[in-house]
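Here are the chains, one letter per residue:
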Amino acid sequence: MTLLGKLLGSTLVSRRGETRTEEALAHKTVVGLYFTASSCHPCQAFTPVLATAYRNMTLAAYKSLPMKEQLDVVLLSLDRSAPAFHDALLQTPFLAVPFHRREVVQDLWKRYEVKKIPTLIFVDANGDEIEREGRRFVENNYTDLRKIWEHLAPPLSKQTDMEWSIAKYITVLNDLVHKRGLTEWRVAHHVRVSEDSDEEVDIVYGFALTTSLQEDRIDRKRKRKASAQQTSAVNDEEQSTWSCFLVLPAAYSRVAPRSSMLTAARNSLALRQWRRSVTTISAGNPSSSSSSENEDRPLPLKGIRVVECGHLIAGPFAATILSYFGADVIKVEPPTGDQVRDYRELDSTKTSLWWYSLGRNKRSVAIDMKKEEGRALIGELVAESDVLIENFKPGRMEKWGLGPENFEATNPGLVYARVSGFGQDGPYSSRPGFASVCEAMGGFRYVNGFSDRPPVRPNLSMGDTVAGIHTALGIVIALLGRERGVAAGSPRKGQVVDVAIYESMFNLLEAVVPEYDYSGVVRECSGSTITGIVPSNTYITKDGKNVVVAANTDTLFVKLMNAIDREDMAANSKLRTNADRVVHQAEIDAAVVAWTATQPLESVVAVMEKATVPVGLVYSVEDMVKDPQYQHRGMFEEVEIQDGATTRTLKVPAILPKLKSTPGRTQFAGRKLGQDTRQVLADVLGRSTQEIQQLLDQKVVFEP
């Protein structure tokens, strides 16, 4: 054991458990001794910076440097209670001297003459100081680990020009984000340099607000030129508030034939290339797929990474909502793909039209979950993410070693969302549950239809969609609670969001439960009306159209009766209140039926609108697409899909709700199975090209 190992004691701990010091620090030539305490405010500010630098050692940009093998950090806690120590340990990736060995910390405090916390001292294997002002040095250089390593362990092993380019541009981009206010940037992959060359580069581009940039540090001539090119490229789509366009070569170049070209006349990559292969980088998350092309504020969920291990509808729809508002969703699919890809109407490529909507804005990764190596990859993705969504049968994820407890140590801030038919516990939890079954048990089917026929279902998987909305809501609530907890000084803790489809439908039952509990009343189905509110019904017009009229209040009832020339009923004291009208429902409905039977649809709508009585046509999708209100509100968005040898646009529904300042948007249609496998493995997990190819050859992962 080295001298430093003897100073630290025989064992160290981490959030993964206890380990022998000799094994943990084997081959370590540089060790950072970090003196800290969880109650120390300066420590609370510096610890995340140090943790970020520590985690970044695994980035592909620094793979040629021996930092990961030769450098480590040991936390020397001055916490006075074991719970405080363990909570702090769970929030960091560091090794630590065990709490019950506090005398070791005191001895090291004296040995290195520490005066205050936080203090970070880098030492060699013999315990000799290399850098005493480690905190200051890391704070000033944490975006450039190459500089840190060069300072701590010279001479630096020689890097290739490509590797230096990687490190250099990561430094440039971090400087732009953290020091100069760059809101976000993207990487356009595989861009041809010229028509006469097969060389390709990855291009980084982004927007920044001049109000948050240091103007004296911008090349004004290049800024004006780039701004003019961008304005031409986007055909005036750029908002006037964006005043700086930056284009930098990205991490590396490749040589491979591609169809995309970058020439002086085609500098429009900012709005074209990224739609096919996008990596959005921000200070909060180094790989988010959300866009902010024309906005002053980022989308509300930008920087949140979601792993979706869902299938069919409920779980995937929750992820679709999150992706629409900026979350980076990585959809993990089996080699055969999500079954929704084959549902209902198919296009010329035999892909479900529904898939293009439900799979929008998601990166597709194909992994064989039945293989241990595949499950290990999923575990790594989850460890690097904020949210996991799964809707397998309860117990399946635990069987695979991917249950919530498996991430408590490695990712305590994880929000783990689970969707199932009947919830994760209880006597029915093991039952399979599709929307149809759960709509029935949730009480929804009982109150739908006509009393002389079996209960009816809408021609939609309503239970799945409603459960998906509940799941998205639960995730956002959990994320908000996590961040507010951190702001209040608590550890960054996630939680499990348990959504049952039958309970989501149960949540729609309004007053059904209290009415039964108090009065013993069981609400029954009521055809095209609604129990206890009169008049509210569907009526047939002279030209055979269906129209809904709803005069639910006392004032509206009077307006309706006057509008259909039934002033006698409007003035009838026996019909003054809703309770009165419920008793005389048949009489009131008969009056409205008699009037609509004499009027064409257009006349009914005109009279009701003039009287300010709510009226609604029963729309088909054809009616919706043609309707000016739908069009004005932007309820249809278009995506580009493959259609034989060409492409075409496809309408998909917008996702609600509408946010005034940061509205969500559809970035791209559902992608091919495994289309983003390589990118995600490289960008998120830092796998090399050779490692990815090996996984493909072993059929652990797949691509088109």
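No experiment lies behind these values; they were computed from the predicted model shown.

About the thresholds
- Residues numbered from 1 in each chain as written.
- Predicted model: local features only at pLDDT ≥ 70, side-chain atom pairs only at ≥ 80, totals over all residues.
- Heavy atoms only, no water.
- Buried < 20%, exposed > 50% of the residue type's maximum accessible area, 1.4 Å probe, protein only.
- Helix = DSSP H or I, 4+ residues; strand = E, 2+ residues; numbered from the N terminus.
- Arc of directions from axis to C-beta.
- Contact = heavy atoms within 4.5 Å.
- Phe/Tyr/Trp six-rings, centres within 6.5 Å; stacked < 30°, edge-to-face > 60°.
- Lys NZ or Arg CZ within 6 Å of the ring centre and 35° of its normal.
- Pairing = 2+ DSSP bridges.
- Axes fitted to C-alpha atoms, helices over the stretch in contact; angles between N-to-C directions.
- Parallel < 35°, antiparallel > 145°, perpendicular 65-115°, else oblique.
- Left-handed = near helix turned anticlockwise from the far one by under 90°.
- Nonpolar A, V, L, I, M, F, W, Y, C, P; charged D, E, K, R; others polar.

**Q** So what about helix α6 (residues 102–111)? Which residues, and what values?
**A** Restricting attention to buried positions, one finds in α6 the residues Val104, Val105 and Leu108. End-on, the buried residues of α6 take up no more than an arc of 100 degrees, which puts them together on one face. Contacts from the buried residues of α6 go to α1 (3–8), β3 (30–36) and β4 (71–77). Taken from the residues just after α6, Glu113 is the one with a positive phi, measuring 50 degrees.

**Q** Describe the packing of aromatic side chains, and please don't skip the residues or the numbers.
**A** For the structure shown, the criterion picks out twelve aromatic pairs. Taking the centre distance of 5.8 Å and the plane angle of 40 degrees together, the rings of Phe85 and Phe99 count as tilted. In this pair, Phe85 is assigned in helix α5 (residues 82–90) and Phe99 in the loop between β5 (95–96) and α6, connecting sequence segments 14 residues apart. The residues Phe85 and Phe99 share a single accessibility class, namely buried. Look at Phe422 and Tyr502: their rings are 5.6 Å apart centre to centre, the planes differ by 35 degrees, and that puts the pair in the tilted class. In this pair, Phe422 sits in the loop between β16 (415–420) and α16 (435–441) while Tyr502 sits in helix α18 (residues 501–506), placing the two residues 80 residues apart along the sequence. Of the aromatic side chains, those joined through ring pairs into one cluster are Tyr34, Phe46, Tyr54 and Phe94. The ring centre of Tyr428 lies 3.7 Å from the NZ or CZ of Arg431, which sits over that ring.

**Q** Would you mind going over the sheet that holds strand β12 (residues 305–309) in detail, with residue names and values included?
**A** The strand order β17-β16-β15-β12-β13-β14-β23 describes an open sheet built from seven strands, whose pairing is mixed. Edge positions in the sheet fall to β17 (496–500) and β23 (701–702), since each of these pairs with one other strand and no more. As paired elements, β12 and strand β15 (residues 387–390) share four bridges and run parallel to each other. Residue pairing for β15: Val306 is matched across the bridge by Val387. On the sheet, helix α12 (residues 314–324) packs against β12, β13 (328–333), β14 (362–367), β15 and β16 and is oriented at approximately 150 degrees with respect to β15.

**Q** I'd like a description of the packing of helix α3 (residues 41–55) against helix α7 (residues 134–141), backed by residues and values.
**A** Two numbers describe how α3 lies on α7: the axes approach to 10 Å, and their chain directions differ by 60 degrees. Here α3 lies oblique to α7, going by the angle between them. For the element pair α3 and α7, the recorded crossing hand is left-handed. The segment α3 lies against α7, with Pro42, Phe46, Val49, Leu50 and Ala53 engaging Arg135, Val138 and Glu139. Residue classes in the contact of α3 with α7 are distributed as six nonpolar, no polar and two charged.

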